[in-house]
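Observations on the model geometry
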Amino acid sequence: MIAVLGAGIAGVTAAHFLKAAGEEVLLVDRSEVPASGGSGAAGAFVSPKIGKGGPLQELTNEAFAFAKDFYREVTPHAFHADGVLRIPKNPDDEEKFESYEAYNYRPYERWDAKKAQAAGLHNVPGGFFFPEAGDGDAREICRVLAAELPRRQMNVERLEREGGHWILHGADDRIEAEHLVLATGYESDLLDLRYLGIRGLWGSRGDYSTSRQFPISLHKDFSLSSSRERRVKLGATHVKHPHPCLACDGRPLKALEAKAAEITDTSDFRLLETFCGMRSTSRDHFPVVGPVIDVPRMLEESPAIVRGAKVPLIHHEGLFLLNGLGGRGFVFAPLMARMLAEHITKGAALDKRIHPDRLFWKWVRRVGRTGDKDSK
Ligand SMILES: Cc1cc2nc3c(=O)[nH]c(=O)nc-3n(C[C@H](O)[C@H](O)[C@H](O)COP(=O)(O)OP(=O)(O)OC[C@H]3O[C@@H](n4cnc5c(N)ncnc54)[C@H](O)[C@@H]3O)c2cc1C
């Protein structure tokens, strides 16, 4: 049996593809309902990445191509491909837009200021419109995917390897599994995962009632969704902090509301519900998907690695990770989950861009330079 720890978008998609490959899967989370972590707060915008090319943009856009089809097929009622208009974040960004165009995901349309104005936007110089992009209902997507899976509610306090199995220890309960997939988001303290440099960034989202029609979604340095049933979502992740949502006092939303008002008429927006959550990013901002290095054992058996000695990597047996999805968890998760499932069930080689091993050697040498206390 494969236990998947974490019922956010990473965990539910990993469990979905493992089950589709014929594995017996158990989805474990401390919460009774899926998407209780960062996933539940997400606006779940699913759109391509714009920029001057490069491996992260390429990977994001491969993931986007896969994700939009995945949601259309698996959770069609909870994904709305109304199109997303990408607007320059600031005058600097506006200057660069020209150079982004050659690297754009296709299909897209180039909008000018006139077209933006006709769509009810002001102070918008134009942008790129991606008609296949859209937004999802984050909780509903996770609920539907989790509903097809056996589940267990447990706050896992400790992990242990015993008799060829992983033991997940709760306060007064335990689960035994041959394989374990960790999909715990920004919480990464069950094992020594310092080499991945996982850190949290929290953000907020407000859902508002409005009588205005927003036929498409907008993305600037915040996102505003198309309207459905007289409701829109406004959100962004923006605050670097190790702890989630210190105070949902509405302040972050006030700033977002002001930004939205700069580009469109938000005068009748009334706040209905606030969501806060933490997303997690790896050291190099790429997802981390695959086997996990046994850091304590490597440091103990080969202490010279901190001075540059090269030895074979030792991985925890039967342990895998799906994390570091950043601000694009709903874009990345389906493709990353499928890649992980193919690796676990068919031994398929993992894409180097997402393999967690890439982060180890640089980190371990830094430990050598800065001392064992080095964390992230
Ligand atoms: C405000 C906001 C807006 C966002 N907007 C978008 C967006 O528009 N588009 C997009 O693609 N992404 C967006 N994101 C990012 C996206 O939400 C994240 O990338 C994604 O949710 C990460 O999913 P995850 O499954 O890795 O983590 P999480 O959703 O945090 O799930 C981790 C799960 O693990 C469980 N868990 C952890 N430790 C334990 C334990 N010890 N025992 C039991 N259970 C445990 C938690 O309960 C939780 O359910 C946004 C994020 C935020 C916060």
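In this text the structure is predicted, and so the values were computed from the model without any measurement.

1. Details of the packing of helix H1 (residues 9-20) against helix H9 (residues 329-346)
Orientation of H1 relative to H9, taken along the N-to-C sense of each, is 40°, at an axis distance of 8 Å. Judged by the inter-axis angle, H1 sits oblique to H9. The way H1 lies across H9 gives a crossing that is right-handed. Judged by residue contacts, Ile 9, Ala 10, Thr 13, Ala 14, His 16, Phe 17 and Leu 18 of H1 engage Gly 329, Phe 330, Ala 333, Pro 334, Ala 337, Arg 338, Leu 340, Ala 341, Ile 344 and Thr 345 from H9. Looking at the contact of H1 with H9 residue by residue, the class counts come to 12 nonpolar, 4 polar and 1 charged.

2. A few points about the site of the ligand
What surrounds the ligand is a group of 42 residues, the closest being Gly 6, Gly 8, Gly 37, Gly 185 and Gly 329. Residue assignment for the shell around the ligand shows that the elements contributing at least two residues are H1, helix H2 (38-41), strand S14 (199-209), strand S17 (231-240), strand S18 (270-281) and H9. Tallied by class, the residues present in the shell around the ligand amount to 14 nonpolar, 22 polar and 6 charged. Counting contributing residues, the shell around the ligand receives three or more from each of domain 1 (2-37 + 140-198 + 283-370) and domain 2 (81-135 + 200-277).

3. Observations concerning unusual backbone geometry
Put simply, Arg 106 and Pro 107 share a cis peptide bond, and its omega is 5°. When you line up the elements, Pro 107 lands in the loop between helix H4 (91-100) and strand S6 (109-112). The backbone phi angle of Glu 229 is positive, close to 50°, even though this residue is not glycine. When you line up the elements, Glu 229 lands in the loop between strand S16 (223-224) and S17. On the neighbour-count criterion, Glu 229 (5 C-beta atoms within 10 Å) is exposed. The phi dihedral of His 285 falls on the positive side, at around 70°, and the residue is not glycine. Tracing the backbone through its elements, the reader meets His 285 in the loop between S18 and strand S19 (288-293).

4. Details of the domain arrangement of the chain
Domain boundaries in the chain define domain 1 (2-37 + 140-198 + 283-370) and domain 2 (81-135 + 200-277). The C-alpha-based centres of domain 1 and domain 2 are spaced at 32 Å.

5. Thoughts on the sheet that holds strand S3 (residues 45-46)
Strand order in the open sheet formed by 3 strands is S3-S8-S4, with antiparallel pairing between adjacent strands. With partners counted over all chains shown, the strands left at the sheet margins are S3 and strand S4 (79-80), one partner each. Taken together, the 2 bridges between S4 and strand S8 (residues 134-136) define a ladder with antiparallel strand orientation. Bridge pairing in S8 places His 80 opposite Asp 135.

6. Considerations on helix H6 (residues 138-147)
Those residues of H6 that fall on the buried side of the exposure criterion are Ala 138, Ile 141, Cys 142, Leu 145 and Ala 146. In a view along the axis of H6, the buried residues occupy a sector of 125°, so they form one face of it.

7. Some words on the nonpolar core
In terms of nonpolar packing, the biggest core is built from 101 residues, with Val 4, Leu 5, Ala 14, Val 181, Leu 322, Met 336 and Leu 340 touching the most fellow members. Among the elements that take part in this core, H9 stands out by supplying 11 residues, more than any other. Formed jointly, this core draws a minimum of three residues from each of two domains, domain 1 (2-37 + 140-198 + 283-370) and domain 2 (81-135 + 200-277). Aside from chain neighbours lying at most four places away, what touches Met 336 is Pro 287, Val 289, Leu 322 and Ile 354.

8. Notes on the environment of Trp 363
Of note, Trp 363 is situated in helix H10 (residues 360-370). Note: C-alpha distance between Trp 363 and Arg 283 (80 residues apart in sequence) is 9.7 Å. In this view, Trp 363 contacts Arg 194 and Tyr 195; residues no more than four positions away in its chain are not counted.

Parameters and conventions
- Residues numbered from 1 in each chain as written.
- Predicted model: local features only at pLDDT ≥ 70, side-chain atom pairs only at ≥ 80, totals over all residues.
- Axes fitted to C-alpha atoms, helices over the stretch in contact; angles between N-to-C directions.
- Helix = DSSP H or I, 4+ residues; strand = E, 2+ residues; numbered from the N terminus.
- Parallel < 35°, antiparallel > 145°, perpendicular 65-115°, else oblique.
- Left-handed = near helix turned anticlockwise from the far one by under 90°.
- Contact = placed C-beta atoms within 7 Å.
- Nonpolar A, V, L, I, M, F, W, Y, C, P; charged D, E, K, R; others polar.
- Near = placed C-beta within 6 Å.
- Domains from an automatic or database assignment.
- Buried ≥ 20, exposed ≤ 12 C-beta atoms within 10 Å, placed from the backbone.
- Pairing = 2+ DSSP bridges.
- Arc of directions from axis to C-beta.
- Core = buried A, V, L, I, M, F, W, Y, C linked by C-beta atoms within 7 Å.

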